[in-house]
Amino acid sequence: MVLREELLGDAEVGDKVRIKKESQSYEGILMPSHRFSKKDVITLKLKNGYNIGVVCEEDTGIEVIKKSKKRTEKKERRIEIDEDKPKISILGTGGTIASYVEYRTGAVHPAQTADDLLYSNPEIAERCEPEVEILFSKLSEDIVPKDWVTIADRVVEILEEGTRGVVVSHGTDTMSYTSAALSFLLHGLSKPVVLVGSQRSSDRPSSDAHLNLLAAVELAGSDRPGVHVVMHDSMSDERCAVHRGTKVRKMHTSRRDAFESINERPLGYVYPNTGEVEFEEEKKVEVKKGLERKGGIDERVSLLYANPGLTQEDIRDAGKKEGVVIAGTGLGHMNTNLIPALKEVIEEGTPVIMTSQCLYGTVNGHVYSAGRELKEAGVIFAGDMLPETAMVKLMWALTLDEEVEKVMKENISGEYTCRRVR
Amino acid sequence: MTMSEKIDHEELGLKVGLEIHQQLDTEKLFCGCPSEMVEDEDGTVLRYLRPTESELGDVDRAALMEAQKGLKFRYQTPESSSCLVELDEEPPHGPDEEALDIAITMALFMDAEMIEEIHFMRKIVIDGSNTTGFQRTALLAIDGALDVNGKKIGIPTMCLEEDAARSVEEEDGVKVYRLDRSGIPLVEIATDPDITSPQEAKEVAQKIGALFRSTKKVKRGIGSIREDLNVSIEEGARVEMKGVQELYMLPEYVEKEVTRQVTLLEIRDVLDKRDAKVQEKIYDVTEDLKECESSIIRGNLKRGKGVYALKLEGFDGQLRGEDGEALLGPELAEYAKKTGVAGIFHSDELPKFGITEKEMKAVEERLDIGEKDAYALVTAAEEDSKDALQNVIERAKMALKGVPEETRQARPDGTSVFLRPLSGEARMYPETDIPPKKVESTRLKRLTDELPERPDEKIERYQEEYGLNEQQSRQLFRKGYDLLFEKIVEEHGSPSVATNMFLHTYPDLEKEGFEVKNINKEELLEIFRRFRSKEFAKEGIPDILKGVSQGRSVDEALDAAGLESVGEEDIREKVVELIQDRSDFVEERKMGAIGPLMGVLMKELKGKADGEKISEILKEEIEKRI
């Protein structure tokens, strides 16, 4: 196999080249390799716009016809900002909601600057006076618990500066973890904090980013305080659902209505095309004093998925951390043979929280003997709190100067729903 | 305006290139859905599309023009033939391997050079026909060629791509598409502009169509093969015409496009002579038309809309000919309509539509219209009118230069209508969700070994092997009966009976309303097996086919047709009986009695005995008598 690097020599991406093979020669622009291309393949953009892959062989020759020009400067673009409109802050943290495609190579880049984000969604400026800031640019799968604290601190600062509300743009994979973290970390919140993302990147004509972002801006401009996630409500580009930050979960890998409120209905809806925001229930705005970031995040918490193959050793490993959350089976169970190991962990002072991998419904330690044994071992049953929310909450609770069990059982940010009607 | 009676296409430098899109009969290209058109709508989903911004801040010219029309679409999502992939709710799966095989087979047929690693691209299309806003397409092979009547036609590119959703209706200004067609694999074959006459366009298309059919895995019927045409004449411009569905009409489309270009060039010359100009100024003439009788204008004025005008200096008589022949008028209107207005009024067609000379006079005065000038009117809200007239300005300026490069939509009557400017180059970027596909040499070898017989070879073989004539051979192939035919003949012989059945009995039965397409291969083989074992005569075949086409089994159909076969002894008995009955007649006519008696016997024995056999026995028995 002849590797493309050996063959390419001085030829660089963007150069016009001619590749000669035994029976054929190809002329085109040298492209970066497709991320799934084989190592011996050169990607070329032909004059007709198509990319093709040419296999490097012993007798393959390459000739640079024309070196690429320096990258064209970006065009000056101006978006009119109306300072009479309500001021909304948009905090970028990454994800595909503000990505753009580099047509030359087809590479999709996340927005690197505030302008990138605004230019890919210019409609925002029609609804508010946007203040755009890129806090960091990470794929959501790469976000770590420390980042939640960074976001929380910046949100507190921004809200103190007097903006109407904050929109946090975020990758969708771990968005509900961040929304849960902000729900606990932001104390005394009397303004809207809205997390938003997109399931189809904004470089595509069919992206859901624009509708979601407009909905988020509308909600951030409303007087509904709290941490919310706003995303498509159905596969149609019609309305977006408002989910509570602690009750929301990504329930589909790819659909644009992947986000669902679990164990409760969405709190409300936003119709981005008309700007209408409606809530299921009226809520009096409590003007709280003293917005602050309360507590921190201790990331040393395990989330364990109960399953028939789980061993005592798995339990002990998980117990080496400062806290354990179990996504139990059914009503909050696990193999009773594992309970002694769990007991050891708890006796060493590590809190163990029980949730359900069913997600829908609440755990209950009284129905079956396994539940009773777990309770006796000291496992804290966490009602209908989502496993991920429980994990984030425990990370937070561990940093507070309060009894962990008490904090975990208290309904702090709507993470418990007392009545489930469906 | 005079138009030369007979157009000499060669002298005009006519060049035609074809792009042929053939649907493949496999699963869909990027998901496991069956590629079937269905009647159910199931749910609908509402979507918006917006042009994407490239790094340079340029939105494609064609995409932008579509965007002006408002980009809201509704999709019907029949579950039997579409899934989340077509809805752009799930990433595409890898390309269908069978579709790839067929596409490669076509490339082999055309001696094209295979691309070693195939890369799917996203071609931006935001007319709503793709939920994604782009069509996925890959270049598969280049530099092929075809021999058509001894002339070499270059095949520069062959692509494998996905079909678009089909437009089913327009509901309150929202286009409705059904996703059943979306994602059906298409092979696109483009020819070089080597075609120089309208007739040749058809011949090339026929040749390519025949090659497709010989792979046996392509869809048949209306809409399964679509042709785009590229037409230009020397002084004209390249015009792409999309969506020709009737192959036999290709020459007409070419002829009409040539006529259109010639007319536009003649108009250009007149405008040039007159030093014609297009003013950029748009006039508000609402005041001049407020008493107007036109119901459209009246209605619009009532709703607070207005009437706006554009002066076209030196354009008089060039919008519409004196004999009513459409000139620039429709072209201007088509551009205006792209902004959403219903159309335009222009001075060459007025007074009409409730606009009187009095109102014309007022407008003419306001615009300072001279003897050789023309004008266009639009009625709509101010912003919309201005957008529409801006497009008219653009198109009128192009008229000064001659023929604009554009993409046009073929209409069923052989004409075409403006669709969008010819697409720029910035329309394609890589489909990052689909890994590139290396075409392995083992695959090429397998497909080369399995290469189907080419149409010409097959037609020749039929003549040699089965004694058919050329026309019969061609028709069997063209109608798609060749494989069935070969199977029948291979197992049971009787090529001429089978040919007759496919080429004559089938069309006859269809005319009578029998659904012969319901008859499957197993049933046909069963019918021929029994025919060979002389259970009935060939004359019985039509009646059996009728029964089977109505859902009967071959057995039931045989019974129903009363075709229990009559053996030689029985025939002889019947013949002897008849000769005795008519002994006087036989005495009198001698051998001359054969004809009339044959008629009687055939009626009685129809389908139960072979005609030749009957005739033979009759002859013998009469000879015995005389």
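Computed from a predicted structure; not experimentally measured.

**Topic: the overall build of chain B**
In terms of regular secondary structure, chain B is built from 20 helices and 21 strands. A compact globule built from 626 residues should have a C-alpha radius of gyration of about 25 Å, whereas chain B, at 32 Å, is more than 25% larger. For chain B, buried positions account for 54% of its 626 residues. Carbon and sulfur atoms provide 45% of the accessible area of chain B, an area that totals close to 28000 Å². Considering chain B, the positive charge centre built from 91 side chains and the negative charge centre built from 136 side chains are found 2 Å apart.

**Quick word on the domain arrangement of chain A**
Structurally, chain A comprises domain 1 (4-66), domain 2 (73-293) and domain 3 (301-409). Put simply, the middle of domain 1 of chain A and the middle of domain 3 of chain A, counted by C-alpha atoms, are 56 Å apart.

**What to know about the interface of chain B and chain A**
Across the boundary between the two partners, chain B contributes 57 residues, which contact 56 residues of chain A. A buried area of about 4700 Å², summed over both sides, lies between chain B and chain A, and 50% of it is on carbon and sulfur atoms. Taken together, the connections running from chain B to chain A amount to seven salt bridges. For Arg204 of chain A, the salt bridge goes to Asp88 of chain B, with nearest N and O atoms at 2.9 Å. Our enumeration of links across chain B and chain A arrives at 24 residue pairs in polar contact (both at pLDDT 80 or more). Elements supplying a minimum of two residues to the side of chain B that touches chain A: strand E2 (43-48), strand E4 (113-114), strand E6 (120-124), strand E7 (134-148), strand E8 (151-162) and strand E20 (428-430) of chain B. At seven residues, E7 of chain B tops the list of elements feeding residues into the side of chain B that touches chain A. Its residues placed into classes, the side of chain B that touches chain A shows 25 nonpolar, eleven polar and 21 charged. Pairing geometry for strand E4 (residues 51-55) of chain A and strand E5 (residues 117-118) of chain B, over two bridges, is antiparallel. Looking at E5 of chain B, one finds that Gly53 of chain A is bridged to Glu117 of chain B.

**Things to note about helix H11 (residues 470-478) of chain B**
Residues and elements named next belong to chain B. For H11, every residue scored as buried is listed here: Ser473, Leu476 and Phe477. Buried residues along H11 cover an arc of 95° about the axis, so they all sit on one side. With a side-chain oxygen positioned 3.2 Å from the backbone nitrogen of Gln471, the residue opening H11 is Asn469. Directly after H11, the chain includes Gly480, whose backbone phi takes a positive value near 80°.

**Notes on the sheet that holds strand E20 (residues 301-305) of chain A**
Residues and elements named next belong to chain A. Sheet architecture is open: four strands sit in the order E20-E21-E22-E23, paired in parallel fashion. Whereas interior strands pair on both sides, the edge strands pair on one side only; in this sheet they are E20 and strand E23 (380-381). Sheet contacts for helix H7 (residues 312-319): E20 and strand E21 (323-328); angle to E20, the most-contacted strand, approximately 155°.

**What to know about empty space enclosed by the protein**
Residues and elements named next belong to chain B. In this structure the tally under the stated criterion is five cavities of 30 Å³ or more. There is about 100 Å³ of room inside the largest cavity. Phe30, Cys31, Val85, Glu86, Asn130, Thr131, Thr132, Phe134, Arg136, Glu162, Ser182 and Gly183 are the residues that line the largest cavity. Classifying every residue of the lining of the largest cavity gives four nonpolar, five polar and three charged.

**Some points on the pairing of strand E12 (residues 225-232) of chain B**
Residue and element names in this part refer to chain B. Summarising burial for E12: eight of the eight residues are buried, a large majority. Burial along E12 is two-sided: the residues Ile225, Glu227, Leu229 and Val231 and Arg226, Asp228, Asn230 and Ser232 are all buried. The pairing of strand E1 (residues 15-23) with E12 spans eight bridges and is antiparallel. Of the residues in E12, the one forming a bridge with Lys15 is Ser232. Bridge count for E12 against strand E13 (residues 239-244) is four bridges, and the pairing is antiparallel. Residue pairing for E13: Val231 is matched across the bridge by Val239.

**Structural notes on the packing of aromatic side chains**
Taken as a whole and assessed by the stated rule, the structure comprises 14 aromatic pairs over all chains. One aromatic cluster in this structure is built from Phe73, Tyr75 and Tyr177 of chain B. Positioned above the aromatic ring of Phe279 of chain A is the side chain of Arg224 of chain A, whose terminal nitrogen or guanidinium carbon lies 4.0 Å from the ring centre. Over the aromatic face of Phe30 of chain B sits the side chain of Arg136 of chain B, whose NZ or CZ is 5.7 Å from the ring centroid.

**Looking at the sheet that holds strand E3 (residues 41-45) of chain A**
Strand order across the open sheet formed by seven strands is E5(A)-E1(A)-E2(A)-E3(A)-E4(A)-E5(B)-E21(B), with antiparallel pairing between neighbours. In the strand order of this sheet, the two ends are held by strand E5 (61-66) of chain A together with strand E21 (437-438) of chain B, each with one partner. Judged from the five bridges that link them, E3 of chain A and E4 of chain A form a sheet pairing that is antiparallel. Bridging across to E4 of chain A, Thr43 of chain A finds its partner in Gly53 of chain A.

**A few points about a negative patch on the surface**
Residue and element names in this part refer to chain B. Together, Glu39, Asp40, Glu41, Asp42, Glu79, Glu169, Glu171 and Asp172 make up a negatively charged patch on the protein surface. Among the secondary structure elements, Asp172 is positioned in the loop between strand E9 (166-171) and strand E10 (174-178). Owing to a relative accessible area of 77%, Asp172 belongs among the exposed residues under this scheme.

**Re the domain arrangement of chain B**
Along its sequence, chain B is carved into domain 1 (3-238), domain 2 (271-403), domain 3 (453-561) and domain 4 (568-625). Measuring from the centre of the C-alpha atoms in domain 2 of chain B to the corresponding centre in domain 3 of chain B gives 62 Å.

**Considering the environment of Gly183 of chain B**
All names here are of chain B. On the secondary structure map, Gly183 appears in the loop between E10 and strand E11 (185-190). What makes Gly183 buried here is its relative accessible area of 6%. With 20 residues separating them along the chain, Gly183 and Asp163 place their C-alpha atoms 5.0 Å apart.

**Observations regarding the pattern of salt bridges**
The final tally for this structure, using the stated rule, is 92 salt bridges over all chains. The partner of Asp40 of chain A in a salt bridge is Lys438 of chain B, and the shortest N-O contact between them spans 3.2 Å. Of this pair, Asp40 of chain A sits in the loop between strand E2 (25-30) and E3 while Lys438 of chain B sits in strand E21, which puts the two residues in different chains. The burial state of Asp40 of chain A is the same as that of Lys438 of chain B; both residues are buried.

**So, the nonpolar core**
Counting 92 residues, the largest nonpolar core has Leu229, Leu312 and Phe315 of chain B as the members making the most contacts within it. Looking at which domains feed residues into this core, each of domain 1 (3-238) and domain 2 (271-403) of chain B supplies at least three. Not counting chain neighbours up to four residues away, the residues in contact with Leu312 of chain B comprise Lys277, Val278, Leu319, Leu332, Asp373, Ala374, Tyr375, Ala376 and Ala396 of chain B. Among the nonpolar cores identified, the runner-up in size contains 49 residues, and Ala152, Ile158, Met175 and Val227 of chain A belong to it.

Conventions and cut-offs
- Residues numbered from 1 in each chain as written.
- Chains lettered and ligands numbered in written order.
- Predicted model: local features only at pLDDT ≥ 70, side-chain atom pairs only at ≥ 80, totals over all residues.
- Heavy atoms only, no water.
- Helix = DSSP H or I, 4+ residues; strand = E, 2+ residues; numbered from the N terminus.
- Rg over C-alpha atoms; globule rule 2.2 N^0.38 Å.
- Buried < 20%, exposed > 50% of the residue type's maximum accessible area, 1.4 Å probe, protein only.
- Areas by Shrake-Rupley, 256 points an atom, 1.4 Å probe, with all protein chains shown as cover.
- Lys, Arg positive; Asp, Glu negative; His and termini not counted.
- Charge placed at Lys NZ, Arg CZ, Asp CG, Glu CD.
- Domains from an automatic or database assignment.
- Contact = heavy atoms within 4.5 Å.
- Buried area = accessible area lost by both parts, 1.4 Å probe.
- Salt bridge = Lys/Arg side-chain N within 4 Å of Asp/Glu carboxyl O.
- Polar contact = N/O pair within 3.5 Å; in protein donor to acceptor, adjacent residues only side chain to side chain.
- Nonpolar A, V, L, I, M, F, W, Y, C, P; charged D, E, K, R; others polar.
- Pairing = 2+ DSSP bridges.
- Arc of directions from axis to C-beta.
- Axes fitted to C-alpha atoms, helices over the stretch in contact; angles between N-to-C directions.
- 1 Å grid on protein atoms, 1.4 Å probe; cavity = no way out; pocket = protein on both sides within 12 Å on 5 of 7 lines; lining within 4 Å.
- Points joined across faces, edges and corners; volume = space filled by probe spheres on them.
- Phe/Tyr/Trp six-rings, centres within 6.5 Å; stacked < 30°, edge-to-face > 60°.
- Lys NZ or Arg CZ within 6 Å of the ring centre and 35° of its normal.
- Patch = residues over 30% accessible without salt bridge, like charges linked within 9 Å, V, L, I, M, F, W, Y side chains within 5 Å.
- Core = buried A, V, L, I, M, F, W, Y, C linked by side-chain atoms within 4.5 Å.

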